[in-house]
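# Summary of structural features
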Amino acid sequence: MIRAVIFDFDGVLVESNDIKTRAFSALFRPFPEHHDAMMAYHHTHVSASRVVKIDHFVSSCLGRPDDDALRASLEAEFSRLTVDLVSDCPAVAGAEALLSNISGRIPLYLASVTPQADLDSILARRDLRRYFRDGYGCPPWTKPDAVRDVLGREGVLPREAVLIGDSEGDRRAAAEVGVGFIARDSGLPWVEPAPRLHADLNHLADTLLPLLP
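Described in the following lines is the structure provided in the data block. Each chain carries its own residue numbering, running from 1 in the direction its sequence is written. Only residues with pLDDT of at least 70 are given local features in this predicted model, and only at 80 or more are side-chain atom pairs given and counted; all residues enter the totals for whole chains, interfaces and linings. To get the side-chain values, take all heavy atoms of the structure and skip hydrogens and water.

That bond from C138 to P139 is cis: its omega, -5°, falls within 30 degrees of zero. If you trace the backbone, P139 turns up in the loop between β3 (134-136) and α7 (143-154). Omega for the peptide link from P139 to P140 comes to 15°, which places this bond in the cis form. You can see P140 is positioned in the loop between β3 and α7. Positive phi, close to 55°, is recorded for D127, a residue that is not glycine. Helical segments are the DSSP runs of H or I of at least four residues, strand segments are the runs of E of at least two, and each set is numbered from the N terminus. With respect to the helices and strands, the residue D127 is situated in the loop between α6 (116-126) and β3.

Here is the structure:
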């Protein structure tokens, strides 16, 4: 029986993946000689945080590994481009119904690659914070470390927890820690063999609910 559920955010609870992709494109547009390479990097490393992608751009593409001011400027611009849009974008079908149904039955957590401050702001503006015991952003947390922290806080074994995600990176994080994994199909690619995919959270609820107390 599952005793803790950890949700990814983008692409699992909200339809925000395209927002992030458009924001990266806008961010790198002033650097046309690197734009296409960075968009390819973004798609290849879709589960990585913006911090990792921007660091790769500054260090590897521009050859300016010590330029912390540029990193900070790009990260601030990415937040400006995304926070309002993610706060207002559509929820994944069935998301709030599922959260409302199970939040009183089992501890729920969030583990996202969105930085903590932006994640907290978005959750507050969408009135989602009430469903979760905590939300982990990156930075400061990696997704595997966030999952490990949940296990410790709740005193549960890995086999008693499940991560719900929409990317190969989410599946790798679950496998690294040893928790179960349930996949939402947000359109992101998978390494074969792909997991069983759920079109939305109405569909995913049929898999999750029988596992819960």
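Moving on from the coordinates now.
Only the six-membered ring of Trp is used, alongside the rings of Phe and Tyr, when aromatic pairs are assigned; centres must lie within 6.5 Å, and planes under 30 degrees apart are stacked while those over 60 apart are edge-to-face, with the rest tilted. Taken as a whole and judged by the stated rule, the model has 8 aromatic pairs. Measuring from ring centre to ring centre gives 4.4 Å for F24 and F78, while their planes differ by 40°; the resulting arrangement is tilted. Here F24 is found in helix α1 (residues 17-28), whereas its partner F78 is found in helix α4 (residues 68-88), with 54 residues between them in sequence. Put simply, the rings of F24, F28, F31, F57 and F78 touch in pairs and so form one group of aromatic residues.

Read these as spatial facts, not as claims about activity.
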